[in-house]
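Architecture and fold: a report
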Amino acid sequence: MAENVVLSVLAHPDDAEFLCAGTLIRLAREHAWKVHVATMTPGDCGSAEHSAEEISRIRRAEGARAAAVIGATYHCLEERDLSVCYNERALEKVVRLFRELRPRVVLTHAPADYMLDHEMTSTLARAAAFAAAVPNFACDRGHASALDHVTRLYYCDAAEGKDLFGRDVTPAFCIDVSTVIESKAEMLACHASQRNWLLRQHGMDQYLETMRAWSARRGRPHGVPFAEGFCQHLGHAYPQDNLLGELLGALA
Ligand SMILES: [Zn+2]
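Presented here is a report on the structure given in the accompanying data block. As the structure is a prediction and not an experimental result, all values here were calculated from the model.

**Quick look at the nonpolar core**
Counting 44 residues, the largest nonpolar core has L107 and F230 as the members making the most contacts within it. The element contributing the most residues to this core is helix α2 (residues 21-31), with five residues. Ignoring sequence-local partners within four residues, the contact set of L107 consists of V6, L7, S8, V9, L10, C20, L24, Y154, C156, F230 and L244. Formed by 28 residues, the second largest nonpolar core is a distinct cluster that contains V84, L101, A127 and Y155.

**A closer look at the packing of aromatic side chains**
Summed over the entire model, instances satisfying the criterion amount to five aromatic pairs. Consider the rings of F130 and Y238, whose centres lie 6.2 Å apart with planes at 45 degrees: the pair is tilted. Taken together, the residues F130 in helix α5 (residues 116-131) and Y238 in the loop between β7 (227-232) and α9 (243-248) connect sequence positions 108 residues apart. On the accessibility criterion, F130 (39% relative accessible area) is partly exposed. Accessibility expressed as a relative area gives 8% for Y238, which makes it buried. Here Y154 and F173 contribute two aromatic rings whose centre-to-centre distance is 5.9 Å and whose plane-to-plane angle is 80 degrees, an arrangement assigned as edge-to-face. Here the residue Y154 occupies a position in strand β5 (residues 152-156), and F173 occupies one in strand β6 (residues 173-176), the gap between them amounting to 19 residues. Connected via pairs of aromatic rings, a cluster forms that spans F18, Y207 and W214.

**A few points about empty space enclosed by the protein**
Which parts of space are left empty comes out when a probe the size of a water molecule is rolled across the atoms. Summed over the entire model, instances satisfying the criterion amount to one cavity of 30 Å³ or more. A volume near 40 Å³ is recorded for the largest cavity. Together, H12, P13, D14, D15, A16, E17, V37, T39, G63, Y74 and H191 line the largest cavity. Among the secondary structure elements, those contributing two or more residues to the lining of the largest cavity are α1 (15-19) and β2 (34-39). Among the elements that take part in the lining of the largest cavity, α1 stands out by supplying three residues, more than any other. Tallied by class, the residues present in the lining of the largest cavity amount to four nonpolar, four polar and three charged.

**Considerations on the layout of surface pockets**
Volume-wise, the largest pocket comes out at about 590 Å³. As for the largest pocket, its lining consists of 28 residues, of which H12, Y114, H118, L198 and H202 are closest to the centre. Ranked by residue count, the leading element in the lining of the largest pocket is helix α7 (residues 194-202), at five residues. Reported here for the second largest pocket is a volume of approximately 220 Å³. Its residues assigned to classes, the lining of the second largest pocket shows five nonpolar, three polar and four charged.

**A closer look at the sheet that holds β6**
Ordered in space as β3-β2-β1-β4-β5-β7-β6-β8, the eight strands form an open sheet in which the pairing is mixed. The open sheet is flanked by β3 (73-76) and β8 (250-251), the only strands paired with a single partner. Seen against the sheet, α2 touches β1 (5-10), β2, β4 (105-108), β6 and β7 and runs at an angle of roughly 90 degrees to β7.

**Topic: α5**
Helix length check: α5 (16 residues) gives 22 Å between terminal C-alpha atoms against 22 Å at 1.5 Å per residue, within 8%. Among the residues making up α5, those that are buried are D117, H118, E119, T121, S122, L124, A125, A127, A128, A129 and A131. At its buried positions, α5 is contacted by β1, α1, α4 (88-101), β4 and β5.

**Side note on the coordination of the zinc ion**
Around the zinc ion, the donor atoms from the protein are H12 (ND1), D15 (OD), D15 (OD) and H118 (NE2), and they sit 2.1 to 2.4 Å away. Metal-centred angles of 56 to 137 degrees between the four donor atoms at the zinc ion mark the site as irregular. The sequence motif formed by the donor residues of the zinc ion is H-x2-D-x102-H. Residue D15 is located in helix α1, and its partner H118 is located in helix α5; the two are separated by 103 residues in the primary sequence. Judged on exposure class, the residue D15 and its partner H118 are both buried.

Calculation criteria
- Residues numbered from 1 in each chain as written.
- Predicted model: local features only at pLDDT ≥ 70, side-chain atom pairs only at ≥ 80, totals over all residues.
- Heavy atoms only, no water.
- Core = buried A, V, L, I, M, F, W, Y, C linked by side-chain atoms within 4.5 Å.
- Buried < 20%, exposed > 50% of the residue type's maximum accessible area, 1.4 Å probe, protein only.
- Helix = DSSP H or I, 4+ residues; strand = E, 2+ residues; numbered from the N terminus.
- Contact = heavy atoms within 4.5 Å.
- Phe/Tyr/Trp six-rings, centres within 6.5 Å; stacked < 30°, edge-to-face > 60°.
- 1 Å grid on protein atoms, 1.4 Å probe; cavity = no way out; pocket = protein on both sides within 12 Å on 5 of 7 lines; lining within 4 Å.
- Points joined across faces, edges and corners; volume = space filled by probe spheres on them.
- Nonpolar A, V, L, I, M, F, W, Y, C, P; charged D, E, K, R; others polar.
- Pairing = 2+ DSSP bridges.
- Axes fitted to C-alpha atoms, helices over the stretch in contact; angles between N-to-C directions.
- Expected span 1.5 Å × (residues − 1).
- Donors = N, O, S within 2.8 Å, 3.2 Å for Na, K, Ca; no water.
- Tetrahedral: all angles 85-135°; square planar, octahedral: opposite > 155°, others 65-115°.

Below is the structure:
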């Protein structure tokens, strides 16, 4: 039987560590799933002191180090910050990755989030989940064979759990990550270049504490210390069973 693979497709290095790393860790530790963490960009604009090329090199290495904490593999799809677009080039890259890794579960950004790189990544992952199973899509690009079904897709929380109008978003269900919160923090701590940047640009002065606070907020309604929120894509042709929730115990 093919091995069980989970893939997160998010915009920037450190997005997974905020939004879904606890869930990835639990799939790896409790169910022996292979974990892959992909980002659309190397975070090339996430610095006020390094050139785009320098900070990209630093952040690719941070992403790889963070993934290695849990035995996962990091992939950078080499689009550029503030320029992630729904176009053929980007979609082809995401579909290629899906066909190569053949994930049973894909996690991506919320469709409505605070910035467009996140929303475009969400759209790309949604389209790729469908397109990877269409044999004639990009069939002349040297991909692995098309998948035999549409990939199971979940949307992570929007940043701070709110949409672009500041309205609270409600996850369809949450996953308890209390037992793995220290490993999640250890992964996030690998993104050392981001602490100063986020203080300057986002006014976020407590990098790890912010992640803990977001996770605690999702845990509170369910009476657990820390959780992560998700919504499953349940449109026509997408798998309807909540495999993630069944494996890890959906809190709804
Ligand atoms: Zn991001």
